[in-house]
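Here is how the chains run, residue by residue.
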Amino acid sequence: MVGIDKIKTLNIDVNFEQLELYKQHIQTVNQVLNLTAIVDDEGIYLKHFYDSLLIEKYLDKNISFCDVGSGAGFPGMVIAIARPDIKVTLIEPTLKRCNFLNEVIALLDLKNVTVLNERAEDAVIDLRESFDVVTARAVAYLDILSELCVPFVKINGLFIAMKDAKGQEELEFSKKALKKLGAEIETVENLNDEIMGERMNILIRKTTPTPLKYPRNYGRIKKTPLSGRKNV
C-alpha cells in the first residue's frame, strides 16, 4: 500500500497495529457520523496518517502539543500514536467527534492524549501560552486560524499551520495579523506529491506574549480579521 510505504520512508518508529485499529474505527464510525469524506484504506493512510506525520520532524522530545479543531484526530491523534513521549491535547468543539476521539484513546490504550470539548476561544482562558507546539490542519483561513491558535503557544514555541496550495496566498495576507499576535514566519515547507498534490506546512515562531484581548469572539474574528482582509 502506497500510504504505508510513504510512512515508512519517514523513519518514524510508529505502531502500525495501532494505526490499523484507528483506521478501522474511523471506517466503522463514519457510517453513522460524518468524520471524513476519505474512507478507503489507501486514502486514510496516505491523506490522513502520512500527511499528519509530515510535521513529526519538527517536534522535539517530551514537548506539549495541541491540535486545534482536531476533528477525527488529524494530525493530533496520529502524532500521539507515533510519539508516546509527547503530551497531546486535542481541542474539538463537536461533542460527537470528542466521543469518537475518546473511543480511539480507549481502543489504543493511549496514555498521552487529552480531549477537550471546547471552542478554542474558550479553552484558551485556562491554556494560554501552555504549549510548545500548536497545530491546525486546514481549519480556516490563516489570519483567522492564527488568532485562534497563537495564544496557546508558549513564548519561543511554534504554531504549525498545515495548508494546501492556497497557503501561499493566505500567508501573504496574514503577516500583519501574526505581528499583532506576537509571532512571525520562520519556515515554509512546500511539498508537492504526485498523489496528494501541493501541500504547505507553515512554521510560525511566537516571539512575544499575545495581547490578552486576543482571541476575540469568533464572530468578530471572522468578520474583521486582523490582517485587514475584506469580503470574508
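In this text, all values refer to a predicted model and were calculated from it rather than measured experimentally.

Novice: Just to check I follow, could you spell out the overall build of the protein chain for this structure?
Specialist: For the protein chain, the count of helices and strands is nine helices and seven strands. For the protein chain, the proportion of its 232 residues judged to be buried stands at 54%. Across the protein chain, the fraction of contacts at a sequence separation of at least 24, relative to all contacts at a separation of at least 6, is 69%. Counting 31 positive and 33 negative side-chain charges, the protein chain places the averaged centre of each group 8 Å from the other.

Novice: Quick question: what am I supposed to make of the side chain of Q18 here?
Specialist: As for its placement among the helices and strands, Q18 is situated in helix α2 (residues 16-29). Apart from residues no more than four positions distant in its own chain, Q18 is found in contact with I81, L108 and L110.

Novice: Before we go on, may I ask you to explain the sheet that holds strand β6 (residues 183-193) in this structure?
Specialist: Two pairing modes exist for strands in a sheet, parallel and antiparallel, and in both the strands are linked by backbone hydrogen bonds. The seven strands lie next to each other as β3-β2-β1-β4-β5-β7-β6, forming an open sheet whose pairing is mixed. Two strands lie at the open edges of the sheet, namely β3 (113-116) and β6, each paired on one side alone. Ignoring strand direction, the axes of neighbouring strands in this sheet form an average angle of 20°. Of the strand pairs in this sheet, strand β1 (residues 64-68) and strand β4 (residues 131-137) are connected by three bridges, and their pairing is parallel. Each residue of the ladder has a partner; that of D67, found in β4, is T135. Sitting on the sheet, helix α3 (residues 41-53) is in contact with β4, β5 (153-164) and β7 (197-206), with an inclination near 150° to β4.

Novice: Sorry if this is basic, but what is going on with the environment of C149 here?
Specialist: In this structure, C149 sits in helix α7 (residues 142-149). The buried category is assigned to C149, whose relative accessible area is 0%. As a C-alpha pair, C149 and I204 span 55 residues in sequence and 11 Å in three-dimensional space. C149 has contacts with V68, V134, A136 and F159, leaving out every residue within four places of it along the chain.

Rules of the game
Residues numbered from 1 in each chain as written. Predicted model: local features only at pLDDT ≥ 70, side-chain atom pairs only at ≥ 80, totals over all residues. Heavy atoms only, no water. Helix = DSSP H or I, 4+ residues; strand = E, 2+ residues; numbered from the N terminus. Buried < 20%, exposed > 50% of the residue type's maximum accessible area, 1.4 Å probe, protein only. Contact = heavy atoms within 4.5 Å. Lys, Arg positive; Asp, Glu negative; His and termini not counted. Charge placed at Lys NZ, Arg CZ, Asp CG, Glu CD. Pairing = 2+ DSSP bridges. Axes fitted to C-alpha atoms, helices over the stretch in contact; angles between N-to-C directions.

Keep in mind that these numbers describe shape and distance, not what the molecule does.
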